[in-house]
Amino acid sequence: MLIDDVTIKVEAGNGGNGAVAFNTNMMSLGPAGGSGGKGGSVYFEGTSDLSKLNQFRFKKEAKAEDGQNGRAQFVDGKSGKDLVIQVPVGTVIHNLDTGEDKEITAVGEKITSAKGGRGGRGNFHFRSSTNTTPKISEDGRPGESFAVRLELKMIADIGFVGLPNAGKTSLLNQLTRAAAKVGNYAFTTLEPNLGAYYELIIADIPGLIEGAHSGKGLGTKFLRHVERTKKIFHLVSAESENPILDYRIIREELKKYSEELAAKPETVFLSKSDLAEEKDISEITGLFEKEGIKIEPISTEKEGGLKPVKEALVRAVAEKTGR
């Protein structure tokens, strides 16, 4: 199960308290209380592992280490260790307390979420010409604590969309080494699958249905993933009784969810074309042409059946790399 939307509490470490102590060395006088260490901070760091939010399936709190208290003889407390939480690239970090949103957009990118508390000063720092034996120190400051919502919006170059059982996962497996589960029934894919085709990241978005924008079926849970893809490959099954209606249903859902999403570059493919007669394929492509839509038949089972897809991917690689 892919966790892609979770709310947790992040808590930075508290600063250590300063100490009140006096020099114990012979012939030495004066305050010698050390300061407390700084509390650890909480950071989020980008990773390519999509499953990283699964660490919060049951654990809903993340806390950095507290700073240690200061000690006698000028010994300062150690600073607490920072907590670095790895999250998938494309994760939006919503601070529910401040309203601030931050996004991880690259592997290795690190964002501060909660700052550790400052350590309190020991009595050594309060000495003066008028008070040579101060008996006061500071307590450490508390670390920041926030409720944050982690929302994964995948960033992929190509997003496969289409009604359930349109052949998206089979196509992904043929083009990449994704090895995603395939079944001859609707909603085989319950979470996004990723694959790499040369320099491109391809996302197989779970099947959408009419009303997905309002939460039906798998709903908006996965519409937000395709929202971040640069291009859309729209698959329409040749087995459908009404392919043009299938196409319109998905287009309408994309538009209702986001006008920006609906405006993304789209390439349309007639999948499972090996299961239809040539005359039926010609009839389907003719219907799409009347709508001003170019649709190309493809098949994961026929030799050369993926040529149109691979040609489109080659163009996408060239656009991305400039080669």
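Look up: the structure comes first, before these words.
Source: prediction; values computed, not measured.

Colleague: Before we go on, may I ask you to explain the nonpolar core in this structure?
Modeller: In a soluble, globular protein the nonpolar side chains are often hidden away together inside. In terms of nonpolar packing, the biggest core is built from 22 residues, with Ile8, Val10, Phe44, Ile85, Val148 and Leu150 touching the most fellow members. Those elements that place two or more of their residues in this core are β1 (5-11), β2 (42-47), β4 (83-88), β7 (110-114) and β8 (145-152). If sequence neighbours within four positions are ignored, Leu150 has contacts with Asp4, Asp5, Val6, Ile8, Phe44, Leu53, Phe56, Val87, Thr91, Val92 and Ile93. Within the second largest apolar cluster, 19 residues are counted, among which are Phe160, Leu172, Ile202 and Phe269.

Colleague: Explain the side chain of Glu151 here, please?
Modeller: For Glu151, the position within the fold is in strand β8. We classify Glu151 as buried; its relative accessible area is 9%.

Colleague: I would appreciate a short explanation of the sheet that holds strand β14 (residues 295-297) in the present structure.
Modeller: Hydrogen bonding along the main chain pairs the strands of a sheet, whether they run parallel or antiparallel. Taken together, 6 strands build an open sheet; the order of strands is β10-β11-β9-β12-β13-β14 and the sheet is mixed. The sheet terminates laterally at β10 (193-197) and β14, the two strands that pair on one side only. Taken pair by pair, the neighbouring strands of this sheet meet at an average axis angle of 25°, ignoring direction. Summarising the sheet, β10 and strand β11 (residues 200-204) pair through 5 bridges and their orientation is antiparallel. Each residue of the ladder has a partner; that of Tyr197, found in β11, is Leu200.

Colleague: Help me understand the packing of aromatic side chains, please; the structure alone is not making it clear to me.
Modeller: How two aromatic rings sit relative to each other is given by the distance of their centres and the angle of their planes. By the definition in use, this model includes 5 aromatic pairs. Aromatic pair Tyr197 and Tyr198: ring centres 4.9 Å apart, planes at 80°, arrangement edge-to-face. Residue Tyr198 is classed as exposed on the basis of its relative accessible area, which comes to 70%. On the basis of an interplanar angle of 75° and a centroid distance of 5.6 Å, the ring pair of Tyr247 and Phe288 is categorised as edge-to-face. Of this pair, Tyr247 sits in helix α3 (residues 243-257) while Phe288 sits in helix α5 (residues 278-290), placing them 41 residues apart in sequence. Following the ring pairs from residue to residue traces out a cluster consisting of Phe160, Phe233 and Phe269. Geometry around Tyr43 places Lys110 over its ring, the cationic atom sitting 5.5 Å from the centre. Positioned above the aromatic ring of Phe124, the side-chain terminus of Arg127 is 3.8 Å from the ring centre.

Colleague: What exactly am I supposed to notice about the sheet that holds β8 here?
Modeller: Strand order in the open sheet formed by 5 strands is β3-β1-β8-β5-β6, and the pairing between neighbours is mixed. Each end of this open sheet is capped by a strand with a single partner; those strands are β3 (61-63) and β6 (101-103). When the angles between neighbouring strand axes are averaged without regard to direction, this sheet yields 25°. Bridging between β1 and β8 involves 7 bridges; their strand directions are antiparallel. In the sheet register, Lys9 faces β8, and the bridge partner there is Ala147.

Colleague: Can you walk me through unusual backbone geometry in this structure?
Modeller: Leaving glycine aside, a negative phi is the common case for residues, and trans is the common case for peptide bonds. In this model, Phe74 sits at a positive phi of 70°, which is unusual for a non-glycine residue. Relative accessible area serves as the criterion here: at 40%, Phe74 is assigned to the partly exposed category. Even without a glycine there, the phi angle at Asn165 is positive, about 65°. Within the fold, Asn165 resides in the loop between β9 (158-161) and α1 (168-175). For Asn165, a relative accessible area of 29% corresponds to the partly exposed category.

Colleague: What am I meant to see in the pairing of β2 here?
Modeller: Looking along a regular strand, one sees side chains alternate from face to face of the sheet. Of all 6 residues that make up β2, 5 are buried, and the element is covered over most of its length. Summarising the sheet, β2 and β4 pair through 6 bridges and their orientation is parallel. Residue pairing in the sheet places Gly46 in a bridge with Val87 of β4. The sheet contact formed by β2 and β7 spans 4 bridges and is antiparallel. Bridge assignment links Phe44 to a residue of β7, and that residue is Ile111.

Colleague: Even after reading the chapter, I still don't get the pattern of salt bridges, so can you show me in this structure?
Modeller: Side-chain pairs of opposite charge can arise whenever the charged atoms involved come near each other. In total, this model carries 11 salt bridges according to the counting rule given. The shortest N-O distance in the salt bridge between Arg149 and Asp5 comes to 2.7 Å. Of this pair, Arg149 sits in strand β8 while Asp5 sits in strand β1, and the two are 144 residues apart along the sequence. Among the residues examined, Arg149 registers a relative accessible area of 27% and is labelled partly exposed. The residue Glu138 makes a salt bridge to Arg121 at a minimum N-O spacing of 3.1 Å. Of this pair, Glu138 sits in the loop between β7 and β8 while Arg121 is found in the loop between β7 and β8, placing the two residues 17 residues apart along the sequence. According to the relative accessible area criterion, Arg121 is partly exposed, its value standing at 37%.

Rules of the game
- Residues numbered from 1 in each chain as written.
- Predicted model: local features only at pLDDT ≥ 70, side-chain atom pairs only at ≥ 80, totals over all residues.
- Heavy atoms only, no water.
- Core = buried A, V, L, I, M, F, W, Y, C linked by side-chain atoms within 4.5 Å.
- Buried < 20%, exposed > 50% of the residue type's maximum accessible area, 1.4 Å probe, protein only.
- Helix = DSSP H or I, 4+ residues; strand = E, 2+ residues; numbered from the N terminus.
- Contact = heavy atoms within 4.5 Å.
- Pairing = 2+ DSSP bridges.
- Axes fitted to C-alpha atoms, helices over the stretch in contact; angles between N-to-C directions.
- Phe/Tyr/Trp six-rings, centres within 6.5 Å; stacked < 30°, edge-to-face > 60°.
- Lys NZ or Arg CZ within 6 Å of the ring centre and 35° of its normal.
- Salt bridge = Lys/Arg side-chain N within 4 Å of Asp/Glu carboxyl O.

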